[in-house]
Amino acid sequence: MDITLSIIKADIGSIGGHISPSQRLLETVRAQVTEHGKALLIDSYISHTGDDIAILMTHKRGVGDGAIHKLAWEAFMAGTEVARKQGLYGAGQDLLKEAFSGNVRGMGPAVAEMEFEERPNEPFLFFAADKTDPGCYNLALYLAFADPMNTPGLMLSPPMDKGFRFVIMDVSNTEGDRVIELNAPEDLYDIATLLRNPERYVIESIWSRADGGQAVSLSTSRLHNIAGKYTGKDDPVMLVRVQKTFPATGEIVAPYAVGPYVAGAMRGSHQMPLMPVQLNSGISYFDGPPVVSCAAFAMHEGILTEAVDVFAHPFWDTVRDSVSRKALDMRRQGFFGAAMLPMDELEYTGIVEKLEALDTRFVIREKHNDMDTAD
Ligand code: 13P
Ligand code: 13P
Ligand code: MG
Ligand code: MG
């Protein structure tokens, strides 16, 4: 049976700045999806990571379906009304267009979808990150799908030794989707060359070369490309199918123990380590650190089991401690050097006007005679 998984996610307001949506807001979105999704959906799951609410839906309507996207858009619109009434911060923050026009792509909400023939057992993982951008998954996906040091399945599990096809998007291109397809293992160095720059090159999807099945779909939107200015971080969501021809769950989640420095945290303008957190966690220190949650599901004919909280396991407490230490170390140097994002990422913020004003005050010093004759 062909099933579509759709995640549509938006920040429509939160308590105490950018920490977490209110329970009433979550309930409103949940009630809207249940009420208006009756004829469209098989199942759904509503959760939040930091200040972002994600709607996970199962259905048979394929990817990019107008009715599914409209359902999510209208649930977020209804939520925005509640956010306004509760005085939540940033009510409707990610709804960047006035009216729905066919598809939420390019309108602010993040979207990750895939359609596939459901396997007799269908384990998959739903990741959501807050206070960071879609490149935050580059390293973990590279390690999980291309590196036998992380993924013994590439050696031990025969269908996986055919490798995986990476579809990588150049997210700096605002005129359309600029993508490249590269195959692991033979294009490994080219894949690494692109993925080392997570602000520009982002994995959009990954496919099995053994059976052509889609393993990964992730949201690649850059909000500043839509709004033309900083309106919030992109806070990406991702679906990963696991086991059999795909890496095992443990191989997919192991790389999050690295806690790599990613773009985000305060005002979306810093380099901070990515912390794996429990489902429905908020954020705190320095509007961060950037967080990622992971809900594991099984599914049969589109009906979801309960979510299992992957990063709730005690193992991840040690990782969280290490990430906290990395965060504190980086914050000690404030605005200096690597602690903040490079200029091309900051150019959507007020720093541009500051630099322009300062530029007019620079002078070129006249050359001294003794320097003229120095050599
Ligand atoms: P089980 O024997 O518990 O099914 O585990 C198989 C496996 O390969 C886990 O990585
Ligand atoms: P969000 O994108 O999660 O709303 O965060 C915005 C921000 O600037 C936090 O400092
Ligand atoms: Mg916010
Ligand atoms: Mg957010």
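### Let's talk about the coordination of the magnesium ion (ligand 3)
Consideration 1: Looking at the magnesium ion (ligand 3), one finds its protein donor set to be Asp11 (OD), His18 (ND1) and Asp51 (OD), positioned 2.0 to 2.2 Å from the metal centre.
Consideration 2: Between the donor residues of the magnesium ion (ligand 3), the gaps in sequence give the motif D-x6-H-x32-D.
Consideration 3: For the pair the magnesium ion (ligand 3) and the magnesium ion (ligand 4), the metal-to-metal distance amounts to 4.5 Å, and Asp51 bridges them. Of this pair, His18 sits in the loop between β1 (2–10) and α1 (23–36) while Asp51 sits in the loop between β2 (43–49) and β3 (52–59), and the two are 33 residues apart along the sequence.

### Considerations on α1
Consideration 1: Between its first and last C-alpha, α1 extends 20 Å over 14 residues, near the 20 Å set by a 1.5 Å rise per residue.
Consideration 2: Check the buried side of α1 and you find it contacts β2, β3 and α2 (66–85).

### Observations regarding the coordination of the magnesium ion (ligand 4)
Consideration 1: Those protein atoms acting as donors to the magnesium ion (ligand 4) are Asp51 (OD), Asp52 (OD), Asp130 (OD) and Asp235 (OD), and they sit at 2.1 to 2.4 Å.
Consideration 2: As a motif over one chain, the donors of the magnesium ion (ligand 4) read D-D-x77-D-x104-D.

### Examining the site of ligand 2
Consideration 1: The immediate surroundings of ligand 2 are formed by 15 residues, with Gln93, Lys131, Tyr230, Lys233 and Asp287 found nearest.
Consideration 2: One nitrogen or oxygen atom from the side chain of Asp11 is found 2.9 Å from an oxygen atom belonging to ligand 2.
Consideration 3: Contact between ligand 2 and Gln93: an oxygen atom at 2.7 Å from a side-chain N or O atom of the residue.
Consideration 4: Computed on the free molecule, ligand 2 has an accessible area of 300 Å², of which 97% lies beneath the protein chains in the complex.
Consideration 5: Residue classes in the shell around ligand 2 are distributed as 3 nonpolar, 4 polar and 8 charged.

### Regarding the packing of aromatic side chains
Consideration 1: Taken as a whole and assessed by the stated rule, the structure comprises 10 aromatic pairs.
Consideration 2: Ring geometry for Tyr45 and Phe297: centres 5.0 Å apart, planes at 80 degrees, overall edge-to-face. Here Tyr45, found in strand β2, pairs with Phe297, found in strand β14 (residues 291–297); they are 252 residues apart in sequence, far enough to count as distant.
Consideration 3: Linked through ring pairs, Phe127, Tyr137, Tyr256, Phe311, Phe315 and Trp316 together constitute an aromatic cluster.
Consideration 4: The positively charged end of Arg241 is found above the aromatic ring belonging to Phe116, 3.8 Å away from the centroid.
Consideration 5: Above the face of the Tyr261 ring, Lys326 is positioned so that its terminal group lies 4.7 Å from the ring centre.

### With respect to the nonpolar core
Consideration 1: Of all hydrophobic cores here, the largest spans 52 residues; its most connected members are Leu125, Phe127, Tyr137, Phe145, Phe166 and Tyr256.
Consideration 2: The element contributing the most residues to this core is helix α3 (residues 138–146), with 7 residues.
Consideration 3: Dropping the residues within four chain positions of it, Leu125 is found in contact with Met238, Leu239, Val240, Val242, Thr249, Ile252, Val253, Cys294, Ala295, Ala296 and Val310.

### Details of empty space enclosed by the protein
Consideration 1: For the structure shown, the criterion picks out 3 cavities of 30 Å³ or more.
Consideration 2: A volume near 80 Å³ is recorded for the largest cavity.
Consideration 3: Lining of the largest cavity is provided by 14 residues; of these, His224, Tyr230, Lys233, Gly268 and Glu345 occupy positions nearest its centre.
Consideration 4: Looking at the lining of the largest cavity, the elements that each hand over two or more residues are α6 (223–227) and α9 (343–346).
Consideration 5: Within the lining of the largest cavity, the residues separate by chemical class into 4 nonpolar, 5 polar and 5 charged.

What counts, and where the lines are drawn
- Residues numbered from 1 in each chain as written.
- Chains lettered and ligands numbered in written order.
- Predicted model: local features only at pLDDT ≥ 70, side-chain atom pairs only at ≥ 80, totals over all residues.
- Heavy atoms only, no water.
- Donors = N, O, S within 2.8 Å, 3.2 Å for Na, K, Ca; no water.
- Helix = DSSP H or I, 4+ residues; strand = E, 2+ residues; numbered from the N terminus.
- Expected span 1.5 Å × (residues − 1).
- Contact = heavy atoms within 4.5 Å.
- Near = heavy atom within 4 Å.
- Polar contact = N/O pair within 3.5 Å; in protein donor to acceptor, adjacent residues only side chain to side chain.
- Areas by Shrake-Rupley, 256 points an atom, 1.4 Å probe, with all protein chains shown as cover.
- Nonpolar A, V, L, I, M, F, W, Y, C, P; charged D, E, K, R; others polar.
- Phe/Tyr/Trp six-rings, centres within 6.5 Å; stacked < 30°, edge-to-face > 60°.
- Lys NZ or Arg CZ within 6 Å of the ring centre and 35° of its normal.
- Core = buried A, V, L, I, M, F, W, Y, C linked by side-chain atoms within 4.5 Å.
- Buried < 20%, exposed > 50% of the residue type's maximum accessible area, 1.4 Å probe, protein only.
- 1 Å grid on protein atoms, 1.4 Å probe; cavity = no way out; pocket = protein on both sides within 12 Å on 5 of 7 lines; lining within 4 Å.
- Points joined across faces, edges and corners; volume = space filled by probe spheres on them.

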